[in-house]
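Architecture and fold: a report
The residues making up each chain are set out below.
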Amino acid sequence: MAAGLESIGRFLRNGNGIEAAARETACESDLPDDYGEDEDISDLPDDYGEDEDSSELPDDKGTEEPASDLPDGSGSETERPKDADEQKDIFLAKLEQLLTPEGIQALAEKYPEKFRAIQEAIDTLNNPDAAPAEKAAAKDRLDKAKGSVLELATKEALAESGLTVEDKQRTVEGADGKTRPDVIAKNNTDHPITVLGITVNPGESISIECKCGVKDSLSSQLSSHIPNQLSGHVGHSVLLTTSDIKEISPERVKQVCSRYGSTLVTVGQTATEVGNAMKGVKI
């Protein structure tokens, strides 16, 4: 495991000072007025699409490293168990850290095979001799890869929380045809694990649809693509998006999530911010 990713994991597991800039919004709760959406990212090239199979995660996913030494005197108090909201905030903080330039670089170092196409696109954009058509294609490729980065970061955070993440996307039957959930994870431990404000009991699974896009793209996908994906979810259902979703009508998002018993969760970053964080990747 790359040193950068290890340090992020240790820092976040100790709950040191990172505040979750995003907050989970249950489908039944009120969302801000004028919510937004993004482009369809289902057909991503070279294993970067949301419907593409994800490469295998390491066998040691989900195991936690020992916590670092506590400050002097910290052992004199009994630690109060964290409630679901606190655990949600810790998980979101971990996920959002993985979406920063440092976090994405750490992911790239750990999973270089997943970032080769991204690196090629970045190199093309930075090449003064590249033709306009080449740069346009590279920009489109980089835009589409944002969803895959959110998906990978989500898998990494879920595994560090103790859940077992499925190595490859599986095909399931949706309400309007076959679909492949972006992420499915199962609790194979003997104790409950809380992620995204949802408690996953032993033997239970959670499915997460990851959307990293601007308002227009998300709005388009809410018409049929997202509903079909949510309808095929296994276990607990989550629609995880960038904060761009807040530009879309809250009633519309609520209706889609409520129809399939899904919970809406947003990270603090916009799709543009995730894309900008990717531009500094070096592998």
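Residues numbered from 1 in each chain as written. Predicted model: local features only at pLDDT ≥ 70, side-chain atom pairs only at ≥ 80, totals over all residues. Heavy atoms only, no water.

1. Here's the deal with the pattern of salt bridges
- Going through the model one piece at a time under the given rule, you end up with seven salt bridges.
- In this structure, Glu160 engages Lys94 in a salt bridge whose closest nitrogen and oxygen atoms are separated by 4.0 Å. Within this pair, whereas Glu160 is found in helix H5 (residues 132–160), its partner Lys94 is found in helix H2 (residues 84–98), the two being separated by 66 residues in sequence.
- Since its relative accessible area comes to 8%, Glu160 is described here as buried.
- Residue Lys139 pairs with Asp143 through a salt bridge whose shortest N-O separation is 3.2 Å. Separated by four residues within a single helix, Lys139 and Asp143 lie in helix H5, roughly one turn from each other. (Salt bridge = Lys/Arg side-chain N within 4 Å of Asp/Glu carboxyl O. Helix = DSSP H or I, 4+ residues; strand = E, 2+ residues; numbered from the N terminus. Buried < 20%, exposed > 50% of the residue type's maximum accessible area, 1.4 Å probe, protein only.)

2. Some thoughts on the confidence of the model for the protein chain
- Across the protein chain, pLDDT averages 79, with 70% of residues at or above 70.
- Here residues 10–80 is a poorly scored stretch, pLDDT under 50, and it has 201 contacts once near neighbours within four places are set aside; other chains count. (pLDDT = per-residue confidence, 0-100. Contact = heavy atoms within 4.5 Å.)

3. Digging into the side chain of Thr100
- Following the sequence through the fold, Thr100 ends up in the loop between H2 and helix H3 (101–110).
- A distance of 2.6 Å separates a polar atom in the side chain of Thr100 from the backbone oxygen of Gln97.
- With residues near it in sequence (within four places) discarded, Thr100 still touches Gln269 and Ala277. (Polar contact = N/O pair within 3.5 Å; in protein donor to acceptor, adjacent residues only side chain to side chain.)

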